[in-house]
Amino acid sequence: MGGPNQIETEWYQDGLRFECTMCGRCCTGPPGYVWVTDDEISALATLVGMARHAFADTYTRPLAGRTSLTEVETRHGFDCVFLKRDEATGTATCSVYEARPQQCRTWPFWPENLTSERAWKQAGRVCPGLGSGPVVPIEQIRIQREKTPK
Ligand code: SF4
């Protein structure tokens, strides 16, 4: 039973390795969603130099009572509309990185990826950045996990 004095322990107490390789695989795949809030839409519109309503009309869609960025079907899958692919190098980068939504900022430390080591390894089948690079400490992981849009 949990209580006020319970100390939180997670299977990733020692941190987890993660370093993005810019493959873009987390930004494509089967049809999905990238949730955006009103504030995030405003920030994205400012970044791309569009009026807010024009941006929303062009790049967002209603989904399940919320708002998501749109997707573009490519040979790789359903790409986020802001994923820019460089076919020469095989890299894919976010063209609105500075104003990317919270959901993108907290990947891969989403609650569903952290439920178990198995779930983390499963996410690693999509994202080659999992398990490589420097160790992200537990404190940072907790912050990202809690900031992930529910
Ligand atoms: S799938 Fe992982 S390594 Fe590839 S772009 Fe996304 S975060 Fe980076």
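Residues numbered from 1 in each chain as written. Predicted model: local features only at pLDDT ≥ 70, side-chain atom pairs only at ≥ 80, totals over all residues. Heavy atoms only, no water.

Across soluble globular proteins, nonpolar side chains have a tendency to be buried as a group. Grouped together as the largest cluster of nonpolar side chains are 15 residues, with contacts concentrated most on V36, I41, L44, F55, L69, C80 and F82. Mapped onto this core, the elements with two or more residues apiece are α1 (38–48) and α2 (52–59). With 3 residues, the top contributor of residues to this core is α1. Every residue in contact with C80, bar those within four places of it in the chain, is listed here: C27, L69 and T70. Judged by nonpolar contacts, the second largest core, of 14 residues, contains Y12, W110, L130 and I138. (Core = buried A, V, L, I, M, F, W, Y, C linked by side-chain atoms within 4.5 Å. Buried < 20%, exposed > 50% of the residue type's maximum accessible area, 1.4 Å probe, protein only. Helix = DSSP H or I, 4+ residues; strand = E, 2+ residues; numbered from the N terminus. Contact = heavy atoms within 4.5 Å.)

Take the pairing of strand β2 (residues 60–63) next. Here β2 runs beside strand β3 (residues 66–69); their pairing, made up of 4 bridges, is antiparallel. In the strand pairing of β3, P62 is matched with T67. Turn length for the β2-β3 hairpin, with the two strands adjacent in sequence and antiparallel, is 2 residues, and the turn residue A64 shows positive phi of about 50°. (Pairing = 2+ DSSP bridges.)

Listed as buried for α1 are E40, I41, L44 and A45. Viewed along the axis of α1, the buried residues span an arc of 135°, placing them on a single side of the element. The exposed set on the far side of α1, more than 90 degrees from its buried face, consists of D38, D39 and T46. Against α2, β2, β3 and α3 (102–106) lie the buried residues of α1. Where α1 ends, the next residue or the one after it, G49, has phi of about 75°, a positive value. (Arc of directions from axis to C-beta.)

Let us now look at the state of the cysteines. Across all of its chains, the model carries 0 disulfides by this definition. Of the cysteine sulfurs around C80, a residue in no disulfide, the closest is that of C104, at 6.4 Å. Residue class for C80 comes out buried when judged on its relative accessible area of 15%. (Disulfide = S-S within 2.5 Å.)

Attention now moves to the pattern of salt bridges. Side chains that differ in charge, positive against negative, can pair when their charged atoms come close. Taken as a whole and judged by the stated rule, the model has 8 salt bridges. Between D79 and R85 there is a salt bridge, with its nearest N and O atoms 2.7 Å apart. What makes R85 partly exposed here is its relative accessible area of 25%. Three or more residues are tied together by salt bridges with common partners; here these are E10, R142, R145 and E146. (Salt bridge = Lys/Arg side-chain N within 4 Å of Asp/Glu carboxyl O.)

Here Q103 lies in helix α3. Judged by relative accessible area, Q103 falls into the buried class, the value being 7%. Look past the residues within four positions of Q103 in its chain and what remains in contact with it is Y33, V34, W35, W110 and P149.

A cis amide bond, omega 5°, links W107 with the succeeding residue P108. The residue P108 is located in the loop between α3 and α4 (111–114) in this model. Its identity is not glycine, yet M22 carries a phi of approximately 60°, on the positive side. With respect to the helices and strands, the residue M22 is situated in the loop between β1 (16–18) and α1. Even without being a glycine, A64 presents a positive backbone phi close to 50°. Overall, A64 belongs to the exposed group, its relative accessible area being 71%.

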